[in-house]
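Now for the letters of each chain:
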Amino acid sequence: MEKILGFGGFFFRAKNPEALAKWYADHLGIDEVPGDYETPCWQQTEGPTVFAPCRQDTSYFGNRKKSFMLNFRVRDVNAMIFQLEAAGIEVRRDPDSPYPNGSFAWLNDPEGNPIELWQPA
């Protein structure tokens, strides 16, 4: 059986796509989508990916009106938190981290989309 190799992209609606793409590039290092075929797009570091459908009434994402949460693997969650807070971005640390599978923190992008930072163990 053929299997999926990984995520090739994540596409979602935004009120201001250009500004939101810039925010992700400036604060999380995700390159904006190039406007041509010669410029490479953002390259991920190989690693674990969790694909987890959740119950519709989950409170895990925070805002119940949001139907998804982005989870980004990071090398050093504490360094990422420091960087984001230095830019004036509110980050919520998981008070129970670390877990056997790693450490976590949460934030929201400027349009309120939930983001989870994960430093795998």
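Preceding this section is the structure that the text describes.
The notes below deal with the structure included here.

Rules behind the numbers
- Residues numbered from 1 in each chain as written.
- Predicted model: local features only at pLDDT ≥ 70, side-chain atom pairs only at ≥ 80, totals over all residues.
- Heavy atoms only, no water.
- 1 Å grid on protein atoms, 1.4 Å probe; cavity = no way out; pocket = protein on both sides within 12 Å on 5 of 7 lines; lining within 4 Å.
- Points joined across faces, edges and corners; volume = space filled by probe spheres on them.
- Nonpolar A, V, L, I, M, F, W, Y, C, P; charged D, E, K, R; others polar.
- Salt bridge = Lys/Arg side-chain N within 4 Å of Asp/Glu carboxyl O.
- Helix = DSSP H or I, 4+ residues; strand = E, 2+ residues; numbered from the N terminus.
- Buried < 20%, exposed > 50% of the residue type's maximum accessible area, 1.4 Å probe, protein only.
- Arc of directions from axis to C-beta.
- Contact = heavy atoms within 4.5 Å.

## Some details on the layout of surface pockets
Each pocket or cavity is described by its volume, and for the second largest pocket that value is around 310 Å³. In this structure, the second largest pocket is lined by Ile4, Leu5, Gly6, Phe7, Gln44, Thr45, Glu46, Gly47, Thr49, Phe51 and Arg73. Across the lining of the second largest pocket, the residue classes break down as 4 nonpolar, 5 polar and 2 charged.

## What about the pattern of salt bridges?
Evaluated as defined, the whole model comprises 2 salt bridges. In this structure, Lys22 engages Asp26 in a salt bridge whose closest nitrogen and oxygen atoms are separated by 2.6 Å. Of the two residues, Lys22 and Asp26 both sit in helix α1 (residues 17–28), 4 residues apart, roughly one turn of that helix. The class for Lys22 is partly exposed, based on a relative accessible area of 44%. With its nearest N and O atoms 3.3 Å apart, the salt bridge here joins Arg55 to Asp57. The class of Arg55 is exposed, set by a relative accessible area of 62%. Exposure remark for Asp57: the relative accessible area of 45% places this residue in the partly exposed category.

## Section: unusual backbone geometry
Look at the link from Ser97 to Pro98: it is a cis peptide, with omega at 5°. Within the secondary structure, Pro98 is located in the loop between β2 (92–93) and β3 (102–108).

## Some details on the environment of Ala52
Along the chain, Ala52 turns up in the loop between α1 and β1 (70–73). A relative accessible area of 48% places Ala52 in the partly exposed class. In sequence terms Ala52 and Asn101 are 49 residues apart; their C-alpha atoms lie 15 Å from each other.

## Quick look at helix α2 (residues 77–86)
Buried within α2 we find Val77, Met80, Ile81 and Leu84. Each buried residue of α2 sits inside an arc of 100° when the element is viewed along its axis, so together they form one side. Projecting away from the buried face of α2 at angles above 90 degrees are the exposed residues Phe82 and Ala86. Here the buried face of α2 lies against α1, β2, β3 and β4 (114–120).

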